[in-house]
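Remarks on the overall topology
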Amino acid sequence: MRHFFVRILGCLALVSLASPALAMAGGITIAHTRVGLVAEDVSVQPGRSFFVGLRMRMDRGWHVYWENPGDSGMAPAVRWQLPEGFDAGPLLWPYPHRIEQPPLASFGYEGEVLLLTEIRPGPHLSSDRVTLGAHVEWLSCRVECIPGQADLTLDLPVAALPPQPDLRWTSIFALARQSLPVSEGSVWDIKVFEEAPGFLMDIVPSGPAVYPLTGIQFFPERNDLIRHAVRPQAEMNGEAYRLRLEKSPLLSKVPERLTGVLVSDQGWQGEGTSRALQVDAVVRQPFSGQRVVGGLFSGPVAAAMIFAFLGGLILNLMPCVLPVLSLKVFHLIQQSSRRRTSSWRQGGLFTAGVLASFWILAGILMFLRWSGEQVGWGFQFQSPGFLVGLSFLFFLIGMNFFGVFELSSPGLAVPSGRTGEWGAFASGFLTAVVATPCTAPFMGAAIGVALTQPWPITLVIFSFLGLGLAFPYLVCAGSPALLKVFPKPGVWMEHMKTVFGFFMMATVVWLAWILSLQAGKPAVVSLLFGLLLAASGSRLWGLGSVASLVRTQQRLCWGGVFFVLAGIGIAAAGLPDPGTFSQKSRLVQAEGPWQDFSMEKLEELRREGRPVFVDFTASWCLTCQVNERVALQDPRVLAKFQEMGVALLKADWTRRDEEITRALERYGKNSIPLYVLYPSFEGAPPRILPEILTPGIVLEFLEKAEKNH
């Protein structure tokens, strides 16, 4: 019994000690949250506005929500009960924090928050005290959520003199105001453009005073605008920044304006200034018809056209073009013995074939993206059916080079004798098709811009890409002086054709290897059996072309066609169900220090403060394979990775993977290779490495990241 009274007295003592604190806070505790009303001033003067704050203090691990709660939650709501003649303004929301509970993300507050409201009293007050009342509803969450509601009151005296600030709350009001977004006097210009998967937000300095920014985040006011769980990454371009925001599937109509709050780890106007910037920007079409007419050859579109031409030009030196290099060489040698007009015609047809191929690829790519598919440049090499068809095509070209049969017109390969004009067109078409696994310098940025434009601009940019690829051939075909450099056609060409035939067969082996990764070994066995039938058909075709009897010739030719088609059918029948090879799968297995890429893994490593290197690669990307062996597997590079504690992520795009496609789009890319380095300090923008790597380039980027740490 004595212990019972001791406990009672202890509780009474605690209550007596806590009562002044509760009175000071002017609040009560409900749902793990202490709520109360506090005034900035000690009194009220008639006709003079003052601020009142809803103070919310959450228990450790609990949080309440911002005006846009994100993927889940409910924003606090206040219904004021004011004396006659009083008016209340809207709640002023300090900038929120991300509260991530994968796969969801919410926006809110932890610890303590003060929501300000401006109270406007009337010019005449009849009493010497006023009572402000508010009915408050909120939701407190940790893992579970508890709703809370309370009726709060605040008594203040009325004074004729200007009121003095209440020193008890001066600091928390100052902190709340510092957390409010600023909307005036900013030295940054915000522009927002719509793109197919979301929005582009350009943050450009509007004056000479530029302040470095890190940890940029965007919190939209609307709940149905963007995917909240996708943390936007800031890309730095000189002194400007770009955010890519992914549209929410709930968004039915693109708004005319985009509103929200930008938050940076540093002040937007320098050290010690507000970290939150109010955004209210018109959503623009990136390059609408009116803008294109007025400035087609200016701005990003003009830059994309130039980059596309340069990228196509450099593409001639990339390993992807090697399989058809022999076709181009033979064409050029043949042009050296022809009249200039014929050479120009052949060069024009080759260029037309390249352009037609790029237009078709661009059209298919735009259609797939319009229909909701997540695809990018080189998408056709993610299809086992395409690999089978291309394998047969190169196999037949190789058999033609070996002299098993001849294609006199229209040929994809160059036989001995005069090539038909369609041969030049087909060679150009095939050159563009097999060039797509590679991305040359400048080319990735151009494609990234092209796929965000209206379709006429997209086709223009792809046309410049094709013109760049065909430009060397077109120049050589139209220049007699350059054609004289090439040796004259002769018997030696027959031996050279055999050499190039082995190159074609090596390409078939490469395609079969990619097919094995995508569709498994049974598909490769079917392909090899189909190629065996195609070889038999090629032999029959060859016999038919030299047969003396017309009837026998026709039978042999049709027999050859039958065997080739049968081989293609058997190879295609051996492919697995399309739903199987289109599913997400990591085909380039992470080995050694490498880990499989995922956005969750990337965000986890970034939160740990580790530097991260991401390799976007694919088995069919020859440039990726060369970079990996030349640069990324270099002992000096691997040692530097280990020394800096860099986490290595490998994003395999061999098979279609929507997550990787979306990740590429976040960096403004739709093609590979892509190499991204995140420095160790949190919020640092990613560094994009060149498409062509050397050990020196990788080490230089790593050293810069280490110095900036």
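**Here we look at the nonpolar core**
- With 70 residues, the main nonpolar core has F597, L602, F613, F616, W620, I672 and V698 as its most contacted residues.
- Take this core: its biggest share by element is 10 residues, from helix α12 (residues 492-519).
- Other than its neighbours up to four places away in sequence, L602 contacts F597, V612, V614, L649, Y667 and Y678.
- Membership of the second largest hydrophobic core comes to 36 residues, among which are L54, I119, F219 and A276.

**Some details on the packing of aromatic side chains**
- One pass over the structure, following the stated rule, counts 8 aromatic pairs.
- Ring geometry for W66 against F107: centres 6.5 Å apart, planes inclined by 65°, an arrangement best described as edge-to-face. Pair noted here: W66 is in strand β4 (residues 63-70) and F107 is in strand β8 (residues 104-110), with a separation of 41 residues, a long-range link. Of the two residues, W66 and F107, neither departs from the other in class, the shared state being buried.
- Every member of this aromatic cluster is reached through a ring pair, and the members are W594, F613, F641 and Y675.
- Note that R177 overlies the ring of F51, its terminal NZ or CZ placed 4.8 Å from the centroid.
- The residue whose ring lies beneath K650 is W594, and the NZ or CZ to ring-centre distance is 4.3 Å.

**Observations concerning the packing of helix α18 (residues 635-644) against helix α20 (residues 695-707)**
- Running from amino to carboxyl end, α18 crosses α20 at an angle of 15°, the nearest separation of the two axes being 9 Å. Considered as vectors, α18 and α20 are oriented roughly parallel to each other. The element α18 and its partner α20 pack so that their crossing is left-handed. Of α20, the residues touching α18 (which contributes R636, V637, K640, F641, E643 and M644) are P695, V698, L699, L702, E703 and E706.
- Of the residues contributing to the contact of α18 with α20, the split by class is 7 nonpolar, no polar and 5 charged.

**Section: the confidence of the model for the protein**
- Mean pLDDT for the protein: 76, with 71% of residues reaching 70 or above.
- A low-confidence stretch, residues 408-419 stays under pLDDT 50, and its non-local contacts, those more than four residues away or across chains, total 38 contacts.

**With respect to the side chain of T661**
- Looking at the element boundaries, T661 is found in helix α19 (residues 658-666).
- A relative accessible area of 1% means that T661 is categorised as buried.
- Within the structure, T661 has its side chain in polar contact with the side chain of W653 (distance 3.1 Å).

**Focus: the pattern of salt bridges**
- Within the structure shown, the criterion is met by 21 salt bridges.
- The shortest N-O distance in the salt bridge between R275 and D265 comes to 3.6 Å. Of this pair, R275 sits in the loop between β17 (257-263) and β18 (276-284) while D265 sits in the loop between β17 and β18, placing them 10 residues apart in sequence.
- The exposure class assigned to R275 is partly exposed, which follows from its relative accessible area of 31%.
- Note that K650 and D615 form a salt bridge whose closest N and O atoms lie 3.4 Å from each other. Of this pair, K650 sits in strand β21 (residues 647-652) while D615 sits in strand β20 (residues 612-617), and the two are 35 residues apart along the sequence. Here the two residues K650 and D615 agree in accessibility, since each one is buried.
- Taken together, the shared-partner salt bridges connect R98, E100, R231 and E603 into one network.

**A word on the pairing of β18**
- As paired elements, strand β12 (residues 188-195) and β18 share 2 bridges and run parallel to each other. Note on β18: the bridge partner recorded for V192 is V283.
- Across 7 bridges, β17 lies against β18 in antiparallel orientation. Across the sheet, residue V263 finds its bridge partner in β18, namely A276.

**Focus on the sheet that holds strand β1 (residues 27-30)**
- Taken in spatial order, the 5 strands of this open sheet run β1-β2-β3-β9-β6, and their pairing is antiparallel. For this open sheet the edge positions go to β1 and β6 (87-88), each flanked by a neighbour on one side alone.
- With 7 bridges connecting them, strand β2 (residues 33-39) and strand β3 (residues 50-58) associate as antiparallel partners. Bridge pairing links T33 to M58 in β3.

**Description of the packing of helix α16 (residues 599-607) against α19**
- For the pair α16 and α19, interaxial distance at closest approach is 11 Å and the crossing angle is 50°. Between α16 and α19, the interaxial angle falls into the category oblique. Contacts between α16 and α19 involve M599, E600 and E603 from the first element and E659, A663 and R666 from the second.
- Class assignment for the residues of the contact of α16 with α19 results in 2 nonpolar, no polar and 4 charged.

Criteria and thresholds
Residues numbered from 1 in each chain as written. Predicted model: local features only at pLDDT ≥ 70, side-chain atom pairs only at ≥ 80, totals over all residues. Heavy atoms only, no water. Core = buried A, V, L, I, M, F, W, Y, C linked by side-chain atoms within 4.5 Å. Buried < 20%, exposed > 50% of the residue type's maximum accessible area, 1.4 Å probe, protein only. Helix = DSSP H or I, 4+ residues; strand = E, 2+ residues; numbered from the N terminus. Contact = heavy atoms within 4.5 Å. Phe/Tyr/Trp six-rings, centres within 6.5 Å; stacked < 30°, edge-to-face > 60°. Lys NZ or Arg CZ within 6 Å of the ring centre and 35° of its normal. Axes fitted to C-alpha atoms, helices over the stretch in contact; angles between N-to-C directions. Parallel < 35°, antiparallel > 145°, perpendicular 65-115°, else oblique. Left-handed = near helix turned anticlockwise from the far one by under 90°. Nonpolar A, V, L, I, M, F, W, Y, C, P; charged D, E, K, R; others polar. pLDDT = per-residue confidence, 0-100. Polar contact = N/O pair within 3.5 Å; in protein donor to acceptor, adjacent residues only side chain to side chain. Salt bridge = Lys/Arg side-chain N within 4 Å of Asp/Glu carboxyl O. Pairing = 2+ DSSP bridges.

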